[in-house]
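In case you want the letters, here they are:
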Amino acid sequence: MIINQINNQIRFIDYIETYKKKYDKIFLLTQKSIIQHYPFMERLDINILICREKEACKSIEEYETIIKKLATKHCNKKSLIMGMGGGAITDLSGFVASSYMRGIKHVLIPTTLLGMVDASIGGKTALNVNNVRNLIGCFYNPTEVLLYFDFLQTLNQKEMCNGYAEIIKYALILDYKLFELLETNIALLIKSVNIETLKPIIQICIQHKLNVVKDDQFDDNYRMILNFGHTVGHALESYYNYKLSHGQAIIYGMEISSYLSFKEGLLNNNQYNRIESLIRQFNLPKLKNINIKKIKDLINNDKKNIHNKLNYIMLTNIGEAKIAKNYSKEKILDALQIL
Ligand SMILES: NC(=O)c1ccc[n+]([C@@H]2O[C@H](COP(=O)([O-])OP(=O)(O)OC[C@H]3O[C@@H](n4cnc5c(N)ncnc54)[C@H](O)[C@@H]3O)[C@@H](O)[C@H]2O)c1
């Protein structure tokens, strides 16, 4: 898989033109809420398939609709599927590309911060079924990921925060220097998108994800550390019926993991305080009256549990993490009172 960066619109258009020479047809899966900001895309003379908005595009019905459209338009083994969007579109387009005619070439163009630092890297594709997220999917790497950072200019603050949460995760589990960089820059970044500050940060995060995935492509072991903050985060997202953003939920989840790491003596007071003050920059509200029993059920149902035992990711330093096997769910539930 190649990762390429494009710095301006003209080069971006040229790049797509080169694909047109290489493949007999190009099918670009995207959403109206994205392409409306980039009308130049509609002048590119490629097949643009507009998918349902947000998570609704990751449904079996949408998958079937897209497959039928591809067949009607004679998409074949020499065609190229492109997914241009956030993680929802790249998950869908990856699954479409992996299964159409048993797999055709696939290029991803992530347009959200989360898409750039996380979803477009690592080869996971997915659809949601019966309200269960990512129930169906497979590992299918794109041939190329095309990064055009200017897409971030049209992203709202909430979507940017979803990406910042993942960036903080990489810093906490893998990279002390990145943590320091965030300590200096996060407050300004939360206020306004600054592409020049973000570029190196995105590149660092992509490299971290590539390194982790290289060691555990099929998510059997070490890749689990990327789950830091996600045990509680996923439970909270589900508990609040996805009205809590993914980023917020993961930040709360990382807060709990950091607190428990401190309580267990893995982090010292100073390290914990620094993490806390980084997280405080997001100004998240206090969560009131959480029903602990419901959160417990949600944690018990987490797909990552093995034999009902929880692998919980904890910090041993800022920039270092470990997998705590069969960690106490009771301790996690008790810790929820800090939120
Ligand atoms: N495959 C993986 O490894 C992986 C990893 C993390 C998350 N995911 C998946 O990613 C999805 C979440 O991704 P997301 O956070 O990118 O959200 P998303 O794909 O739902 O996009 C968020 C919203 O932003 C809009 N949008 C996207 N780019 C835009 C732009 N440049 N300008 C304006 N609007 C834009 C979208 O239309 C959508 O409404 C979830 O489905 C999750 O399961 C996958």
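Here the residue numbers are simple positions, counted from 1 along each chain's written sequence. In view of the model being predicted, local features appear only for residues whose pLDDT reaches at least 70, and side-chain atom pairs are presented and counted only at 80 or more, with totals across whole chains, interfaces and linings using the full set of residues.

1. Some remarks on the overall build of the chain
What counts here: Segments assigned H or I by DSSP are reported as helices when at least four residues long, segments assigned E as strands when at least two residues long, and all are numbered from the N terminus. It is over C-alpha atoms that the radius of gyration is taken, and the globule rule equals 2.2 Å times the number of residues to the power 0.38. Three exposure classes are used, based on other C-beta atoms lying within 10 Å of a residue's own C-beta, which is placed from the backbone: buried for 20 or more, exposed for 12 or fewer, and partly exposed in between. Here contacts are defined at the residue level, using C-beta atoms placed from the backbone and a cut-off of 7 Å between them.
The helix and strand tally for the chain stands at 13 helices and 10 strands. Relative to the 2.2 N^0.38 estimate, which gives 20 Å for 339 residues, the radius of gyration of the chain is 20 Å and therefore close to what a compact globule would have. With respect to the principal axes defined by its C-alpha atoms, the chain has extents near 60 × 40 × 35 Å. For the chain, the residues scored as buried account for 40% of the 339 residues in total. Considering only intrachain contacts with a sequence separation of at least 6, the fraction spanning at least 24 residues in the chain is 70%.

2. Re the packing of helix H6 (residues 157-174) against helix H10 (residues 246-263)
Here is the rule: Lines fitted to the C-alpha atoms define the axes, with helices restricted to the stretch that makes contact. Angles between their N-to-C directions range from 0 to 180 degrees. In what follows, roughly perpendicular refers to angles from 65 to 115 degrees, roughly parallel to angles under 35, roughly antiparallel to angles over 145, and oblique to any angle outside these ranges. A clockwise turn of the near helix away from the far one marks a right-handed crossing, whereas an anticlockwise turn of less than a right angle marks a left-handed crossing. Here the nonpolar group is Ala, Val, Leu, Ile, Met, Phe, Trp, Tyr, Cys and Pro; Asp, Glu, Lys and Arg are the charged ones; every other residue, Gly included, is treated as polar.
For the pair H6 and H10, interaxial distance at closest approach is 7 Å and the crossing angle is 30 degrees. Taken together, the axes of H6 and H10 lie roughly parallel to each other. Remark: the crossing between H6 and H10 carries left-handed chirality. Across the interface between the two elements, Cys161, Asn162, Tyr164, Ala165, Ile168, Lys169 and Leu172 of H6 pack against His246, Gly247, Ile250, Ile251 and Met254 of H10. Per-class residue counts for the contact of H6 with H10 are eight nonpolar, three polar and one charged.

3. Description of the domain arrangement of the chain
Selection criterion: Where a domain begins and ends is set by an automatic assignment or by a domain database.
In terms of domain boundaries, the chain breaks down into domain 1 (2-154) and domain 2 (159-338). Placing a centre on the C-alpha atoms of domain 1 and another on those of domain 2 gives a separation of 27 Å. Counting residues per element, the side of domain 1 that touches domain 2 draws most heavily on helix H5 (residues 113-119), which supplies five residues. Per-class residue counts for the side of domain 1 that touches domain 2 are nine nonpolar, three polar and two charged.

4. Focus: the packing of H10 against helix H11 (residues 269-280)
Any two packed helices are characterised by how steeply their axes cross, that is the angle between the axes, and by the distance between the axes. Between H10 and H11, the least distance of the axes is 10 Å, while the angle of their chain directions is 165 degrees. When the axis of H10 is compared with that of H11, the two are roughly antiparallel. At the point where H10 passes H11, the crossing takes the left-handed sense. Within the contact between the two elements, H10 uses Ile251, Met254, Glu255, Ser258 and Phe262 and H11 uses Tyr272, Ile275 and Ile279. A per-class count over the contact of H10 with H11 returns six nonpolar, one polar and one charged.

5. Quick notes on the environment of phenylalanine 218
Along the chain, the position of phenylalanine 218 falls in the loop between helix H8 (195-215) and helix H9 (230-239). Here phenylalanine 218 falls in the exposed class, since 10 other C-beta atoms lie within 10 Å of it. Along the chain, phenylalanine 218 and isoleucine 48 lie 170 residues apart, while their C-alpha atoms are 31 Å from each other.

6. Describing the sheet that holds strand S8 (residues 144-148)
Here is the rule we go by: When DSSP finds two or more bridges between a pair of strands, those strands are recorded as paired.
With parallel pairing, six strands are arranged side by side in an open sheet as S1-S8-S5-S4-S2-S3. Sheet topology places strand S1 (2-6) and strand S3 (47-51) at the edges, where each strand pairs with a single neighbour. In this sheet, adjacent strand axes meet at a mean angle of 20 degrees when their direction is disregarded.

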